[in-house]
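Below are the chains, spelled out letter by letter.
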Amino acid sequence: MAKLTKAQREWRPGMPKKRRSTKVMFASTVLLLEAFVVFFATLAVFGLRRGEFPPALILGIGIALSVVMILACAVLSKPWGVGLGWILQIVLILTGIVEPMMFLVGGLFGLAWWYGIRTGIRIDSEAAKRERDQAEWNASHGDTPEAS
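Residues numbered from 1 in each chain as written. Predicted model: local features only at pLDDT ≥ 70, side-chain atom pairs only at ≥ 80, totals over all residues. Heavy atoms only, no water.

Considerations on the overall build of the protein chain
Then, in step 1: From N to C terminus, the protein chain includes five helices and zero strands.
Then, in step 2: When the helices and strands of the protein chain are read in sequence order from the N terminus, they spell out α-α-α-α-α.
Then, in step 3: Against the 2.2 N^0.38 benchmark of 15 Å for 148 residues, the protein chain shows a C-alpha radius of gyration of 21 Å, more extended than a compact globule.
Then, in step 4: For the protein chain, the spread of C-alpha atoms along the three principal axes comes to 75 × 40 × 20 Å.
Then, in step 5: The buried share of the protein chain, reckoned over its 148 residues, is 28%.
Then, in step 6: Partitioning the intrachain contacts of the protein chain with sequence separation of at least 6 by distance along the chain shows that 68% fall at a separation of at least 24.
Then, in step 7: Surface exposure of the protein chain reaches about 10500 Å², of which carbon and sulfur atoms provide 69%. (Helix = DSSP H or I, 4+ residues; strand = E, 2+ residues; numbered from the N terminus. Rg over C-alpha atoms; globule rule 2.2 N^0.38 Å. Buried < 20%, exposed > 50% of the residue type's maximum accessible area, 1.4 Å probe, protein only. Contact = heavy atoms within 4.5 Å. Areas by Shrake-Rupley, 256 points an atom, 1.4 Å probe, with all protein chains shown as cover.)

Details of a nonpolar patch on the surface
Then, in step 1: A contiguous nonpolar patch, built from F36, F39, F40, L43, I63, V67 and L71 and spanning about 670 Å² of accessible area, is present on the exposed surface.
Then, in step 2: For the nonpolar patch, the secondary-structure elements that each account for two or more residues are helix 2 (22-48) and helix 3 (55-72).
Then, in step 3: Broken down by element, the nonpolar patch gets its largest block of residues, four residues, from helix 2. (Patch = residues over 30% accessible without salt bridge, like charges linked within 9 Å, V, L, I, M, F, W, Y side chains within 5 Å. Salt bridge = Lys/Arg side-chain N within 4 Å of Asp/Glu carboxyl O.)

Focus on helix 3
Then, in step 1: Over its 18 residues, helix 3 extends 26 Å from the first C-alpha to the last, a length consistent with the 26 Å expected when each residue adds 1.5 Å.
Then, in step 2: Every buried residue belonging to helix 3 is among I58, G62, L65, S66, M69 and A72, and all of these are buried. Down the axis of helix 3, the smallest arc covering the buried residues is 130°, so these residues share one side. Facing away from the buried side of helix 3 by more than 90 degrees, the exposed set consists of A56 and L71. (Expected span 1.5 Å × (residues − 1). Arc of directions from axis to C-beta.)

A look at a positive patch on the surface
Then, in step 1: A surface patch of positive charge is lined by K3, K6, R9 and K18.
Then, in step 2: Among the secondary structure elements, K18 is positioned in the loop between helix 1 (6-10) and helix 2.
Then, in step 3: Given a relative accessible area of 74%, K18 falls into the exposed group. (Lys, Arg positive; Asp, Glu negative; His and termini not counted. Charge placed at Lys NZ, Arg CZ, Asp CG, Glu CD.)

Below, the structure written as C-alpha cells:
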C-alpha cells in the first residue's frame, strides 16, 4: 500500500478542505512555462552560438536554470519563495546578454509574473474574506457547514 501524506494522515470526516493558494498556482504556472522557454532557448543558443561559447557550458547553464525554475515551484508557499521567483525573473531577463531576444521574452514573463502574483494575492484575500463572512453568517444563524 502507498504511503499516506501528512494531510491524508491528519484528515478526519467533516474536516473542511484546505483552500489552495491562487497566488501559488499562478506563480507555478509562470515558472513552469519559463522553464520550457529556457530549455528551448538553450537549444537555440546551442545551435547558433556554439562557436562563441563551449557547448557544455551552454547546455549546463541552460538546463540548470530550467531545473531551478521547476524546483522553485515547490517553495512558492514559503515566505521567501516569491522572492526567489523575482530573482529568477531577473536572471531570465539577463539571459538577453547572450541571446538579445531573451530581453523581450524575459520582460514579458516578468510582467506575467508580476500580474500573477498581484492578482493571486487579491483573489486569495477575497476568498479568505468570503470564508470569514460565511462562517460568521453560519454562526449567527445556527447553521453548520455541510461536509462536501
